[in-house]
Amino acid sequence: DLFYVNSHVFYRLKSEGRAVPVAQMENVEGHVTSRSQIFVRSDSGIETVEQLQGKRLAFISPMGAGGYLAPRAYLRRMGVNTGEEVFTRNLSSSLHEVLLGDIDAGTMCGVNYRLMSRKLDTGELRVIGVSDEYPENLVAARSDLAPGLVRQVATILLAMDDTPDGSEVLTAMHGMKIGRFRPYDPAVEAITRKLIQQAQVGH
């Protein structure tokens, strides 16, 4: 009935009439948008994103917003066609693949990269590129769910940071980069639409 989803998947589901928004996530840095970072080993000899032409890149998921859509759009905008695209499905795996030298470069949401840097030693990595903004994750519902229920859930989510219990739950979700929830603004869909066009991932 209800699900937490990235903005790329939601855009496609909404376009097909299968989902409606409930509430937008604001990340732990206080924003409803984020940027992806492209990173390499510091000793790789790769200094610029243009040098990624034909290189192997680690993305998170082919339907990811920060883990694929935004960085791929950025690379295409920069005129870079990478070689093999590897989908690790895991943030730490992407970091390890690059650290071990198995992959030339990796990419993920910049907020996640900073959060992961607190858990793993990323001192041997260097960021060489930052994507354009993309919308953060959101809570959505199947399109035929009762509108009254959707509004009720939205009211609860938007008030979480106003109560001790809700704040405690939000604090426990900081590892997922969730700061709090805000009303959904459909204007962010224009950002996703533009990224899909730039990334050339189909409509």
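On a predicted model such as this, the values are computed, not experimentally measured, just so you know. (Residues numbered from 1 in each chain as written. Predicted model: local features only at pLDDT ≥ 70, side-chain atom pairs only at ≥ 80, totals over all residues. Heavy atoms only, no water.)

### What to know about the nonpolar core
Counting 15 residues, the largest nonpolar core has Val22, Leu157, Met160, Leu170, Met173, Ile178 and Phe181 as its most contacted members. Secondary-structure elements contributing two or more residues to this core are strand 2 (19-27), strand 8 (138-142), helix 5 (147-158) and strand 9 (178-182). The leading source of residues in this core is helix 5, at 4 residues. Not counting residues up to four positions away in its chain, the partners in contact with Val22 are Leu2, Val139, Ala140, Ala141, Val150, Val153, Ala154 and Leu157. Phe59, Leu75, Ala105 and Ile128 belong to the second largest nonpolar core, which has 13 residues in total. (Core = buried A, V, L, I, M, F, W, Y, C linked by side-chain atoms within 4.5 Å. Buried < 20%, exposed > 50% of the residue type's maximum accessible area, 1.4 Å probe, protein only. Helix = DSSP H or I, 4+ residues; strand = E, 2+ residues; numbered from the N terminus. Contact = heavy atoms within 4.5 Å.)

### Considering helix 3 (residues 91-99)
Among the residues of helix 3, those classed as buried are Ser94, Leu95, Val98 and Leu99. Take helix 3 and look down its axis: the buried residues cluster within an arc of 130°, on one side only. Tucked inside the fold, the buried residues of helix 3 contact strand 3 (33-41), strand 4 (57-59), strand 6 (105-109), helix 4 (110-116) and strand 7 (125-135). Just downstream of helix 3 lies Gly101, where phi reads positive at about 80°. (Arc of directions from axis to C-beta.)

### A few points about the sheet that holds strand 8
A sheet is described by the order of its strands in space; here 4 strands give the open sequence 1-8-2-9, paired in antiparallel fashion. Both edges of this open sheet fall to strand 1 (2-5) and strand 9, since each of them pairs with a single strand only. Averaged over neighbouring strand pairs, the angle between their axes works out to 30° when direction is ignored. In the packing of helix 5 onto the sheet, contacts are made with strand 1, strand 2, strand 8 and strand 9, and the angle to strand 2 comes to roughly 5°. (Pairing = 2+ DSSP bridges. Axes fitted to C-alpha atoms, helices over the stretch in contact; angles between N-to-C directions.)

### Here's the deal with the packing of aromatic side chains
Per the counting criterion, the structure on display carries 5 aromatic pairs. Ring plane angle 35° and centroid distance 6.2 Å describe the contact between Phe59 and Phe87, whose orientation is recorded as tilted. On the criterion of sequence distance, the pair formed by Phe59 in strand 4 and Phe87 in strand 5 (residues 85-87) is long-range, its members being 28 residues apart. For Phe59, a relative accessible area of 0% corresponds to the buried category. Under the relative-accessibility criterion, Phe87 is labelled partly exposed at 28%. A connected cluster of aromatic rings, assembled from ring pairs, spans Phe59, Tyr68 and Phe87. (Phe/Tyr/Trp six-rings, centres within 6.5 Å; stacked < 30°, edge-to-face > 60°.)

### Focus: helix 5
Here helix 5 spans 16 Å end to end across 12 residues, near enough to the 16 Å set by a 1.5 Å rise per residue. Listed as buried for helix 5 are Val150, Val153, Ala154 and Leu157. In an axial view of helix 5, the angular spread of the buried residues amounts to 105°, which keeps them on one side of the axis. Opposite the buried face of helix 5, by more than 90 degrees, sit the exposed residues Arg151, Thr155 and Ile156. Of the surrounding elements, those touching the buried residues of helix 5 are strand 1, strand 2, strand 8 and strand 9. (Expected span 1.5 Å × (residues − 1).)

### A few points about the packing of helix 2 (residues 65-77) against helix 7 (residues 189-199)
The geometry of helix 2 relative to helix 7 is characterised by a closest axis approach of 8 Å and an angle of 55° between their N-to-C directions. The orientation of helix 2 relative to helix 7 falls into the category oblique. For the crossing formed where helix 2 meets helix 7, the hand is left-handed. Contacts from Leu69, Ala70, Arg72, Ala73, Arg76 and Arg77 in helix 2 reach Thr192, Leu195, Ile196, Gln198 and Ala199 in helix 7. The residue inventory of the contact of helix 2 with helix 7, partitioned by class, reads 6 nonpolar, 2 polar and 3 charged. (Parallel < 35°, antiparallel > 145°, perpendicular 65-115°, else oblique. Left-handed = near helix turned anticlockwise from the far one by under 90°. Nonpolar A, V, L, I, M, F, W, Y, C, P; charged D, E, K, R; others polar.)

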